[in-house]
Amino acid sequence: MPEGDTIYRTARTLHRALAGQTVTRFVAELAPLAQVDRAEPIAGRTIERVEAAGKHCLMTFSGGLVLRSHMRMNGSWHIYRPGEKWQMPARAMRILIETADWVAIAFNVYVAEFVDTADLDRHRPVATLGPDLLGDFDPDRALARIRDQGDRPVHEVLLDQRVMAGLGNVYKSEILFLSKLHPDTQASAVTEIAWRELMTLAQSLLRGNVVDGASGIVTYRGLRRTTGRMNPEDRLWVYSRGGQPCRKCGTTIASRKDGDAARVTYWCPSCQLLATVREHEETK
Ligand SMILES: [Zn+2]
């Protein structure tokens, strides 16, 4: 699943290639986008900038129009030279934006819309986002939102984009492991110091995975790394490792589906304790 780092990387790559260029061709397989294009053609506009806001990719065109796209589970933006072979089948194409030098294509993207630049700040999916871990992050603002979560379990709080924007399911499990927090720990049971450490960790993990690849193609390749180890087999602590031994203590990694089936939580039952228990042990 694409997370904040993937979207950030996508937006940066698209920005470098497309900013300042004029759109020569625009094609949308999504009816609401095609409708806007018929009324106010996208071809002829200049792409002013591309940026990430949480898990949304925002592409601003001259004339005050922003294309908001969300990758959900399988979406991705690719960028090619004109005539270059696509790495995805044409039927998966949803949006195509061509300039003199590049062809940018969104594959398997189903959530996309045009928003007037002036309305963006009031636009619900973007306006309700919490502080962006990959943006100009304000830990105090995030803490205030965390305090509003009360007894909600941390595994839910970390995924709530209204609290902090940028984390997905992989980082959720990895960060809880590295913070030695059981997924069911209540948000209110985690100390302010521990939350600040967790946020710093989240930022450094996300930033560590925002690196430029050799090719201009941006897609989720599952090469996210949190252990710092180079071997692809060793790159994550607990995510997707249910039933395997913990890399620190050897205990079998537990897993469980939370809410909708896509959200699997992984944790080590020995390394990750409920915060209340841990604090009690620390004061002994
Ligand atoms: Zn362990």
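Residues numbered from 1 in each chain as written. Predicted model: local features only at pLDDT ≥ 70, side-chain atom pairs only at ≥ 80, totals over all residues. Heavy atoms only, no water.

Peer 1: Help me understand the coordination of the zinc ion, please; the structure alone is not making it clear to me.
Peer 2: For a metal bound by four donors in tetrahedral geometry, the ideal donor-metal-donor angle is 109.5 degrees, whereas six donors in octahedral geometry ideally sit at 90 or 180 degrees. Bound to the zinc ion on the protein side are Cys246 (SG), Cys249 (SG), Cys268 (SG) and Cys271 (SG), at distances that span 2.2 to 2.4 Å. Metal-centred angles of 102 to 113° between the four donor atoms at the zinc ion mark the site as tetrahedral. One chain supplies every donor to the zinc ion, and in sequence these donors are spaced C-x2-C-x18-C-x2-C. Grouping residues by exposure puts cysteine 268 and cysteine 271 together as buried. (Donors = N, O, S within 2.8 Å, 3.2 Å for Na, K, Ca; no water. Tetrahedral: all angles 85-135°; square planar, octahedral: opposite > 155°, others 65-115°. Buried < 20%, exposed > 50% of the residue type's maximum accessible area, 1.4 Å probe, protein only.)

Peer 1: In this structure, what is going on with the environment of leucine 67? I would like to understand it.
Peer 2: By the secondary structure assignment, leucine 67 is in strand β4 (residues 65-70). Overall, leucine 67 belongs to the buried group, its relative accessible area being 1%. With 50 residues separating them in the primary sequence, leucine 67 and threonine 117 have C-alpha atoms 9.4 Å apart. Residues contacting leucine 67, with those up to four places away along its chain left out, are Leu33, Cys57, Leu58, Met59, Phe61, Trp77, Ile95, Ile97, Ala112, Glu113 and Phe114. (Helix = DSSP H or I, 4+ residues; strand = E, 2+ residues; numbered from the N terminus. Contact = heavy atoms within 4.5 Å.)

Peer 1: Teacher, can you tell me more about the packing of aromatic side chains here?
Peer 2: For any pair of aromatic rings, the description consists of the separation of the ring centres together with the inter-plane angle of the planes. Scanning the entire structure with this criterion turns up five aromatic pairs. Ring centres 5.8 Å apart and planes at 50° place the aromatic pair phenylalanine 26 and phenylalanine 114 in the tilted group. Taken together, the positions of phenylalanine 26 in strand β1 (residues 25-28) and phenylalanine 114 in strand β8 (residues 111-116) put the pair 88 residues apart, joining distant regions of the chain. Of the two residues, phenylalanine 26 and phenylalanine 114, neither departs from the other in class, the shared state being buried. Ring pairing ties together the aromatic residues Phe26, Phe61 and Phe114, which thus form one cluster. Across the ring face of tryptophan 102, the terminal group of arginine 81 is positioned such that the distance to the ring centre comes to 3.7 Å. Its end group placed over the ring of tryptophan 237, lysine 248 keeps NZ or CZ at 5.0 Å from the ring centre. (Phe/Tyr/Trp six-rings, centres within 6.5 Å; stacked < 30°, edge-to-face > 60°. Lys NZ or Arg CZ within 6 Å of the ring centre and 35° of its normal.)

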